[in-house]
Amino acid sequence: MIVLGDLAHARAGDKGDTSIIMVAPYAPEDFGRVAALLTPPAVASHLGVGADAVDVRAVVELGAFTVIVRGALDGGVTRSRGVDPHGKTLSSVLLRLAGAKP
Amino acid sequence: MTTPYRVGAATGFAGDRFEPARVLAESGDIDALVYECLAERTIGLAQQRRGVPGAVGYDELFLHRLDDVLPVLRPETAVLTNAGAADPTALARAVAERLDGHPRARGRVVAAVTGDDILDRLPSDTPVLGTELTIGDFGDRVVSANAYIGAGAAVEALHAGADVVITGRMGDAALFAAPIAAHHGWDTEDADVMAVPTLVGHLLECGGQLTGGYFADGGRKVVPHLATLGFPIAEVDGDSTVTLGKVDDTGGLLTRATVIEQLLYEIDDPSAYKTPDVTLDLRSVRIEEIGPDRVRIVGERAAGKPDLLKASVGIRDGYLATGSIAYGGLGALARAELALAIVTERWEVVHGRDSAELRLDLLGYNALQPWARPDVEPAEVCARFALRTWEADAARALVREVEALYTNGPAGGGGVQTAVRETTGIVSVLVPRDLVQPRMEVLR
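Residues numbered from 1 in each chain as written. Chains lettered and ligands numbered in written order. Predicted model: local features only at pLDDT ≥ 70, side-chain atom pairs only at ≥ 80, totals over all residues.

A. Representation of the domain arrangement of chain B within the structure. The domain boundaries assigned to chain B delineate domain 1 (5–117 + 147–306) and domain 2 (313–427). A C-alpha centroid distance of 39 Å is found between domain 1 of chain B and domain 2 of chain B. (Domains from an automatic or database assignment.)

Right, dumping it as structure tokens:
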């Protein structure tokens, strides 16, 4: 097994009730391996949301990805009752996403 | 060809550290020092404070920041900030007063930029983004409405001789773009020209997050000396070449990796990042490491500019009550779960309310990933309760229930913490540009 954090780093931002997580491989040659891990169904299952709540956008020119998770923040930073209203911690949570070693 | 212009990010948010700005002013050889101090909610909160006697509509901490930096600030370095929040003119007056008495501020000219406040003219049928609602549906709960304005009025103020510019809800990137555009004589109406300074602003607007702050992971991502993190400087040439750096011998790290995190982490569509001055296509940006803690940025592209401006509308949103109690040692998780169950039962049986309105969390176990049930026995767990409500009595009832877990709940609970606060929510709308009339006023 391999986890996303072995290959890539991440930072999470927010827009309303949507979490936006930037993921970039440490090494450009790992772009394909990261893409293989970051499928929307795998991300959705890992973050406890429905598959249709997740988009993964590859920014090929920059060698990075943006992961969009809708409805992830209990209403967003101004409404959330949770411990982390911005969802800042989701970046490191996502880095635990596991997959088969290619 | 105009000379290169150097902009320093003094703060990345209202509560940021003080001394990075001082280091930039003293050793950064900078032409402009920019304080980003305004979060989305700040204006709504400031508007609510305005009704309170003695309270002001701006960020008072900025005056202390100014006091702190003045002894080392070069007379020719411009200062810009959005700390004016709900009342830029009042902060500009307070700043002018402060500078009047200061030996190092002789000749400084202060200007205020206003016009972002559109509360009195926002049509009630304006749709709220991401909902089926209109602004009218919120009735008298609407407390503020501020459009994100572009760099234009701040550039005008600088051209009029101001070297301290106080704004409200100017777009974060625009606040940094303004002194760059003013120096090089760039036309803020021209989206293609504004691509470079706006991208610079986007990278600098979170301060130390560009130079290794919020990056270290204790293992693979190592950042030297975060305790003395140096904030970023952007040098922009007349031909639009951008070089990012920081003051030598400060802590932090500036690499392709730190820049790409900052570039993309809040962007839902990298092909169209909308700002008031330009829609940026970030996909073509190239990030080149040209030396230790020195990075060159090239290749940004404008994709026109938005027809409509985004505005943030502050909405009174009732009370948020939170309470927590900690359990440690043998059976900590089981006792914390028991505490959740006790309060849940009492919420229904004693208070006659629906317990589904409570948010229940187990800190130290799965509060950050509530969908997960890890098979571990944590050494300590904090049971946390939260309620959003319009009823002050219900908010108070919840925090009393948490306190009562001391003597009525599971064994060994400690460290109860509770809070009840009034909250202001933010919704977003899009408004026509002609609804918003930014203007500047030179005070002295």
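B. Geometry of the sheet that holds strand β2 (residues 32–35) of chain B. All names here are of chain B. Read from one edge to the other, the open sheet built from ten strands follows the order β11-β12-β8-β7-β1-β2-β3-β6-β4-β18, with strand pairing classed as mixed. On the outer flanks of this sheet lie β11 (286–291) and β18 (439–442), each paired with one strand and no other. Taking each pair of neighbouring strands and ignoring which way they run, the sheet shows an average axis angle of 20°. Pairing of strand β4 (residues 110–114) with strand β6 (residues 164–166) involves three bridges; the strand directions are parallel. Bridging from a neighbouring strand, Val-110 pairs with Val-164 of β6. Strands β1 (5–11), β2, β3 (78–81) and β7 (233–236) of the sheet are contacted by helix α6 (residues 172–184), whose axis makes an angle of about 160° with β1. (Pairing = 2+ DSSP bridges. Helix = DSSP H or I, 4+ residues; strand = E, 2+ residues; numbered from the N terminus. Axes fitted to C-alpha atoms, helices over the stretch in contact; angles between N-to-C directions. Contact = placed C-beta atoms within 7 Å.)

C. Spatial organisation of the interface of chain A and chain B. Taken residue by residue, the interface counts 26 residues in chain A and 33 residues in chain B. The set of elements that each furnish at least two residues to the side of chain A that touches chain B consists of β2 (8–15), β3 (18–25), β4 (54–59) and β5 (64–69) of chain A. Its residues placed into classes, the side of chain A that touches chain B shows ten nonpolar, nine polar and seven charged. (Nonpolar A, V, L, I, M, F, W, Y, C, P; charged D, E, K, R; others polar.)

D. Quick look at the packing of helix α5 (residues 152–159) of chain B against α6(B). All names here are of chain B. Between α5 and α6, whose axes approach to 8 Å, the crossing angle comes to 45°. The angle between α5 and α6 places the two elements in the oblique class. α6 is crossed by α5, and the crossing has right-handed handedness. Residues Ala-154, Val-155, Leu-158 and His-159 of α5 pack against Leu-175, Ala-178, Pro-179, Ala-181 and Ala-182 of α6. (Parallel < 35°, antiparallel > 145°, perpendicular 65-115°, else oblique. Left-handed = near helix turned anticlockwise from the far one by under 90°.)

E. The environment of A:Asp52, seen in detail. All names here are of chain A. Along the chain, Asp-52 turns up in the loop between α3 (40–46) and β4. For Asp-52, a count of 10 C-beta atoms within 10 Å translates into the label exposed. Counting along the chain gives 36 residues from Asp-52 to Gly-16, while the straight-line C-alpha distance between them is 18 Å. (Buried ≥ 20, exposed ≤ 12 C-beta atoms within 10 Å, placed from the backbone.)

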